[in-house]
Amino acid sequence: MDFIKKLRRFDAYPKTLEDVRIQTLGGGAISIVSILIISLLFWMEVLNYMTPNLTEELFVDTSRSPNIEIQLDITVPQVSCDFLALDAMDSSGDQHLQITHNIFKRSLDLEGNPIEEPKKEDITIRSKNETFEIATKNKTEYCGSCYGAKDGCCNTCEDVREAYRAKRWALDNVENIEQCKEEKFGEKLKTAFKQGCQIYGNLVVNRVSGSFHIAPGKSFSINHVHVHDVQPFSSTEFNMTHHIKRLTFGASIDSETHNPLKDFVGVATEGATMFQYHIKIVPTSYARKDGSMIFSNQFSVTKHQKTVSILSGESGMPGVFFQYELSPLMVKYTEREGSLGHFLTNICAIIGGVYTVAGLVDTFLYHSIKIIQKKMELGKLH
């Protein structure tokens, strides 16, 4: 019993008698508010504890990955798929990449609704001779008319168009050209600006600086020079307004800089507008707390657009052009578990801090009200 009595002397929290305790309306309100604040701060602290902490490191990229995957989803709402081409090149600009891809085109109406099933795009660039050989490989015995543009055979609509271009003749009567009727070229001309096009999918390119673009017309190579043929239209008729729903390099990671062009809309106020996106890619690795690793890329982008015009001296062609460069540095993100000790310390600080501040506020209000009441009783308060 003596030990118990001695132990009581160490009580830092002496209790008052129930008879001398006073409960007030203000104290009850402050208690309820304190409980709500403690609950809110406790829940926020739990969420913070459950969220992994990210540490960031920067070092020289020594990875040996030979390829990089580009994932894209871009819509051009005012040009049909038949008059859009997607091409990819390396940094030299004239040697096309040996790439594997899974790129599709889907025709849309002017409201953005699909009107056809998606079709896989062929983005292999060929010379004009290769194009003609492929187009006529099944027509070795057929010799189509060139309609006075040249001697010899024109077996495809493209052959006729090329012959007319060589003569600098206008090809106005496409519907009367037999080869173009067979390829339904006249119907394609009528819907050239009455449909939109969604281009989406992924392509795997060599891990070097390069570029890719979406531009009007059929693309081909002449003497290692990349050319787009927009005939019978002029470049000013193509409105290259576009919506970039997605553009990423590599696997998806939780970072705002992984897809900074998400939902970006480039608006062409006039025809023959050239959009340029200069991209700086930073290789990124993401180490999860379960030990798995994700290798991806982040990038920053600089946007520029101009109207291509011979009169103004601006060279180029209408389209959406992406040039990308690889940084020699790599960023590594590492997920780490939150500290349990730090979490418990914060919880104690929240409860103790709110309780103490609420007690000070309650004491101040209680004594202030008592002083006012005494002055009112003495008639000193007017």
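Use the structure listed above.
Residues numbered from 1 in each chain as written. Predicted model: local features only at pLDDT ≥ 70, side-chain atom pairs only at ≥ 80, totals over all residues. Heavy atoms only, no water.

Some points on the overall build of the protein
Helix and strand content of the protein: seven helices and 15 strands. The 382 residues of the protein split such that 35% are buried. Partitioning the intrachain contacts of the protein with sequence separation of at least 6 by distance along the chain shows that 74% fall at a separation of at least 24. Total accessible area on the protein is roughly 23900 Å²; 56% of this is exposed by carbon and sulfur atoms. (Helix = DSSP H or I, 4+ residues; strand = E, 2+ residues; numbered from the N terminus. Buried < 20%, exposed > 50% of the residue type's maximum accessible area, 1.4 Å probe, protein only. Contact = heavy atoms within 4.5 Å. Areas by Shrake-Rupley, 256 points an atom, 1.4 Å probe, with all protein chains shown as cover.)

Observations regarding helix α2 (residues 25–50)
Given 3.6 residues per helical turn, the α-helix brings residues three or four places apart onto the same face. Helix length check: α2, at 26 residues, gives a terminal C-alpha distance of 38 Å against a target of 38 Å (1.5 Å per residue), a fit within 8%. Within the span of α2, buried status applies to Gly 27, Ile 30, Ser 34, Glu 45 and Val 46. Buried residues along α2 sit against α7 (340–378). (Expected span 1.5 Å × (residues − 1).)

Notes on the pairing of strand β12 (residues 273–287)
The buried fraction of β12 amounts to twelve of the 15 residues, a majority that puts the element mostly inside the structure. Here β12 pairs with strand β13 (residues 293–307) via 15 bridges, running antiparallel. Its bridge partner being in β13, Thr 273 is matched across the sheet by Thr 307. In the sheet, β12 pairs with strand β14 (residues 319–326) via eight bridges, with the strands oriented parallel. (Pairing = 2+ DSSP bridges.)

Focus on unusual backbone geometry
Not every positive phi belongs to a glycine, and Asp 263 is a case in point at roughly 60°. Structurally, Asp 263 is set in the loop between β10 (242–249) and β11 (264–266). For Asp 263, a relative accessible area of 47% translates into the label partly exposed.

Concerning a nonpolar patch on the surface
Together, Val 33, Ile 37, Leu 40, Leu 41 and Met 44 make up an exposed nonpolar region whose accessible area comes to about 430 Å². Along the chain, the position of Val 33 falls in helix α2. Among the residues examined, Val 33 registers a relative accessible area of 46% and is labelled partly exposed. (Patch = residues over 30% accessible without salt bridge, like charges linked within 9 Å, V, L, I, M, F, W, Y side chains within 5 Å. Salt bridge = Lys/Arg side-chain N within 4 Å of Asp/Glu carboxyl O.)

Observations concerning the nonpolar core
Ranked by internal contacts, the top residues of the largest apolar core, which has 36 residues, are Ile 70, Phe 212, Leu 247, Phe 249 and Phe 322. With seven residues, the next largest nonpolar core counts Cys 146, Ala 149, Cys 154 and Ala 163 among its residues. (Core = buried A, V, L, I, M, F, W, Y, C linked by side-chain atoms within 4.5 Å.)

Points about the pattern of salt bridges
Counting across every chain of the model gives four salt bridges. Residue Asp 61 is joined to Arg 207 by a salt bridge in which the shortest nitrogen-to-oxygen separation is 3.9 Å. Placement of Asp 61 in the loop between β1 (53–60) and β2 (67–76) and of Arg 207 in the loop between β6 (196–206) and β7 (210–216) is noted, with a sequence separation of 146 residues between them. Here Asp 61 falls in the buried class, since its relative accessible area comes to 19%.

Worth remembering: the numbers are spatial, not functional.
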